[in-house]
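Close look at the chain arrangement
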Amino acid sequence: MDKPLEQLRTTLKKHRQSLTGARLAVFKALENKEPQTMREIVAACAGKADRASVYRTVALFERLGIAQRLQIGWKYKLELSDAFHRHHHHLTCLSCGRTFPLPEDRQLEAGLHSLSRAQGFLMKDHQLEIQGLCKDCI
Ligand SMILES: [Zn+2]
Ligand SMILES: [Zn+2]
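Let me sum up the structure you'll find in this document. (Residues numbered from 1 in each chain as written. Chains lettered and ligands numbered in written order. Predicted model: local features only at pLDDT ≥ 70, side-chain atom pairs only at ≥ 80, totals over all residues. Heavy atoms only, no water.)

Let's talk about the overall build of the chain
When helices and strands are tallied, the chain shows five helices and five strands. Secondary structure elements of the chain occur, N-terminal to C-terminal, as α-α-α-α-β-β-β-β-α-β. In terms of overall dimensions, the chain has C-alpha extents of about 45 × 40 × 25 Å along its principal axes. Looking at the chain as a whole, 36% of its 138 residues are labelled buried. (Helix = DSSP H or I, 4+ residues; strand = E, 2+ residues; numbered from the N terminus. Buried < 20%, exposed > 50% of the residue type's maximum accessible area, 1.4 Å probe, protein only.)

Put into C-alpha cells, the structure is as follows:
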C-alpha cells in the first residue's frame, strides 16, 4: 500500500473508523489534485459511492483533519489537508472558477511567521487564497 493510503488507514483507525470503499473513492478523488468542488467529488466517485455517502465521508474527513475546506467567496472546494500533501497556496479565477496551485515560497512562509510573531502570535497553520483572473480569462 502506498504511503498516503497507509496514513489514511492509520488516521481512520485512530478514530475507530475503517477504510471503506466509499472512503477510499473520496480519498482518491482528492489525492494529487487541485481543490475539488462537491459536485466534482461526487462525479469522480460515481459507481463507487453515492451522493449521500460522499457527503458523509467528506464531513468525516473534515472532522478528522484528512481534508480541509477552502472558502472561495460564498462557495467552497475541498482538498486533502497539509498532512497528506505539500503545503501550498492557491490562485482562484473569479471568471472560470478554476483553482491553480501557487508553489510554496520559503520567503513568503518565513514572512508570515515573522509577521505573526511580531503580534506575539505563534502561527500553526494558514491558508492563503488569491482571487483574480487566470491567463485564459484576462
Ligand atoms: Zn479563468
Ligand atoms: Zn503557506
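Re empty space enclosed by the protein
This model, assessed by the stated rule, comprises one cavity of 30 Å³ or more. Approximately 60 Å³ is the volume attributed to the largest cavity. Elements represented by at least two residues in the lining of the largest cavity include exactly strand S1 (67-72) and strand S3 (89-93). Here the residues of the lining of the largest cavity are counted per class, giving two nonpolar, seven polar and four charged. (1 Å grid on protein atoms, 1.4 Å probe; cavity = no way out; pocket = protein on both sides within 12 Å on 5 of 7 lines; lining within 4 Å. Points joined across faces, edges and corners; volume = space filled by probe spheres on them. Nonpolar A, V, L, I, M, F, W, Y, C, P; charged D, E, K, R; others polar.)

Section: the side chain of serine 81
Structurally, serine 81 can be placed in the loop between strand S2 (75-80) and S3. Of the residues examined, serine 81 reaches a relative accessible area of 7% and is grouped as buried. What serine 81 contacts, discounting residues up to four positions off in sequence, is Gly65, Ile66, Ala67 and Gln68. (Contact = heavy atoms within 4.5 Å.)

A look at the coordination of the zinc ion (ligand 1)
Every protein donor of the zinc ion (ligand 1) is listed here as Cys93 (SG), Cys96 (SG), Cys134 (SG) and Cys137 (SG), and their distances to the metal cover 2.3 to 2.4 Å. Of note is the zinc ion (ligand 1), whose four donor atoms meet at the metal with angles of 103 to 117° in an arrangement that counts as tetrahedral. In terms of primary sequence, the donors binding the zinc ion (ligand 1) are separated according to C-x2-C-x37-C-x2-C. (Donors = N, O, S within 2.8 Å, 3.2 Å for Na, K, Ca; no water. Tetrahedral: all angles 85-135°; square planar, octahedral: opposite > 155°, others 65-115°.)

Re helix H4 (residues 51-63)
For an α-helix, 3.6 residues make a turn, and residues three or four places apart therefore share a direction. Between its terminal C-alpha atoms H4 stretches 19 Å, which fits the 18 Å expected from 13 residues at 1.5 Å a residue. All of the buried residues in H4 are Ser53, Val54, Thr57, Val58, Leu60 and Phe61. For H4, the angular spread of buried residues about the axis comes to 160°, placing them on one side. Across H4 from its buried face, at more than 90 degrees, point the exposed residues Arg51, Arg56 and Arg63. Its buried side turned inward, H4 meets helix H1 (3-14), helix H2 (21-30), helix H3 (38-44), S1 and S2. Directly after H4, the chain includes glycine 65, whose backbone phi takes a positive value near 75°. (Expected span 1.5 Å × (residues − 1). Arc of directions from axis to C-beta.)

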